[in-house]
Amino acid sequence: MSDPDNILNGFESKFSLIKNKDDLQNLKSEFLGKNGSISFQFKKMGSLNPEERKIFASKLNEIKNKITFEIEKKLKNFENNEINEKLKDEKVDITLPIRTTKNGKIHPVSQVIDEISSIFSEIGFSVAEGPDVESEYNNFTALNTPEDHPARDMHDTFYLDKDKKTLLRTHTSPVQIRTMLDGKPPFKIIVPGRTYRCDSDQTHAPMFHQLEGLHIDKDITMGHLKGCLNYFIKEFFEVKKIKMRFRPSHFPFTEPSAEVDIGYKIENGKIVIGEGDKWLEILGCGMVHPNVLKNTKVDPNKFQGFAFGMGIDRLAMLKYGINDLRAFFETDYRWLNHFGFDPLDVPTNYRGLSR
Ligand code: PHE
């Protein structure tokens, strides 16, 4: 057998054993490389006469082409397999069927928190948060509530240790402290959140929700507080006018302090908010006490402002005609189906808050 035939046989037996791209590259340089078998044969041609050389050369070229073709084909094969493997690994199953039943509902309290946040964001308030487990200091002392102050008993506090140093916050007011200690004035925040008191009946639950408001700047007055609350109540209850009254009150952390009532009446068994001769207490408020500012490193000679706190559950009950507070926390799906909201119906001031 001539040398070129040997080459082809040698190639074919080695080619059949190829397992990967590396093997193939090695085989390629063994046969087609600069110092490979084919080049070696071409170099040998010089010793042949012209006639023999012609036949030899054309045979050798034929073999070279054949080997090149086989190698390229195999290489493509390896590359395609690589891509297919990769695609298999990175495959995303987009065939998950959609759910045809709408099971989830937004709890009225969550809905009302979204509504409130939207209303206050319109006038420049941002939302702040704090933990449910608070220090006694943030919940009482820093808020100007001395050790023997009756407010401590009034709040029916759940303490978490014997020394009464940690507790479940009894109001959202400690977030005033956290916010002011954490930054520099001005402050303009609302704080929706869970609060706890040892109390339970038709209108009180041991866990309930409050909304705190705090606005501190150089010349914030009681007038701003009134304007702000008036705007909020009108927007929230979606009424044009609201009857509102401020009654003098007392909180250790505000001076002066007030409680705010809104007017209402009952018409055809339904409550109408904003008019009528009955009064409903909805929140406590006042000008932040200078001691609270001092406790949070805010200079009371330069800065002043208001704070308010209201019960969110109560607002939700009034707006959506829910009459037992305890139902909020019983996870009764029939109740939630009735009073809950569509998850996609996010409240904004532009689209309307509730529909
Ligand atoms: N923290 C008070 C309460 O829970 C409400 C309040 C907040 C009053 C801020 C005045 C200022 O009753």
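Structure's up top.
This write-up is about the structure you can find in this document. Computed from a predicted model, the values in this text were never measured in an experiment.

**Some words on the pattern of salt bridges**
Here comes step 1: The tally for this structure, following the rule as stated, stands at 19 salt bridges.
Here comes step 2: The salt bridge involving Glu259 is made with Arg247; its shortest N-O contact spans 3.2 Å. Placement of Glu259 in strand 7 (residues 254-267) and of Arg247 in strand 6 (residues 244-251) is noted, with a sequence separation of 12 residues between them.
Here comes step 3: With a relative accessible area of 18%, Glu259 lands in the buried category.
Here comes step 4: The salt bridge partner of Arg334 is Asp332, with a shortest N-O separation of 2.9 Å.
Here comes step 5: Here Arg334 falls in the exposed class, since its relative accessible area comes to 66%.
Here comes step 6: Judged by its relative accessible area of 27%, Asp332 is partly exposed.

**Observations regarding the site of the ligand**
Here comes step 1: As a structural note, the neighbourhood of the ligand is formed by 14 residues, with His171, Ser173, Arg197, Gln210 and Gly309 the closest of them.
Here comes step 2: At 2.9 Å from a nitrogen atom of the ligand is found a side-chain nitrogen or oxygen belonging to Ser173.
Here comes step 3: Between Arg197 and the ligand, the recorded distance is 3.0 Å, taken from a side-chain N or O atom to an oxygen atom.
Here comes step 4: Summarising the interface, the protein chains cover 92% of the accessible area of the ligand, which totals 330 Å² for the free molecule.

Quick notes on the rules
- Residues numbered from 1 in each chain as written.
- Predicted model: local features only at pLDDT ≥ 70, side-chain atom pairs only at ≥ 80, totals over all residues.
- Heavy atoms only, no water.
- Salt bridge = Lys/Arg side-chain N within 4 Å of Asp/Glu carboxyl O.
- Helix = DSSP H or I, 4+ residues; strand = E, 2+ residues; numbered from the N terminus.
- Buried < 20%, exposed > 50% of the residue type's maximum accessible area, 1.4 Å probe, protein only.
- Near = heavy atom within 4 Å.
- Polar contact = N/O pair within 3.5 Å; in protein donor to acceptor, adjacent residues only side chain to side chain.
- Areas by Shrake-Rupley, 256 points an atom, 1.4 Å probe, with all protein chains shown as cover.

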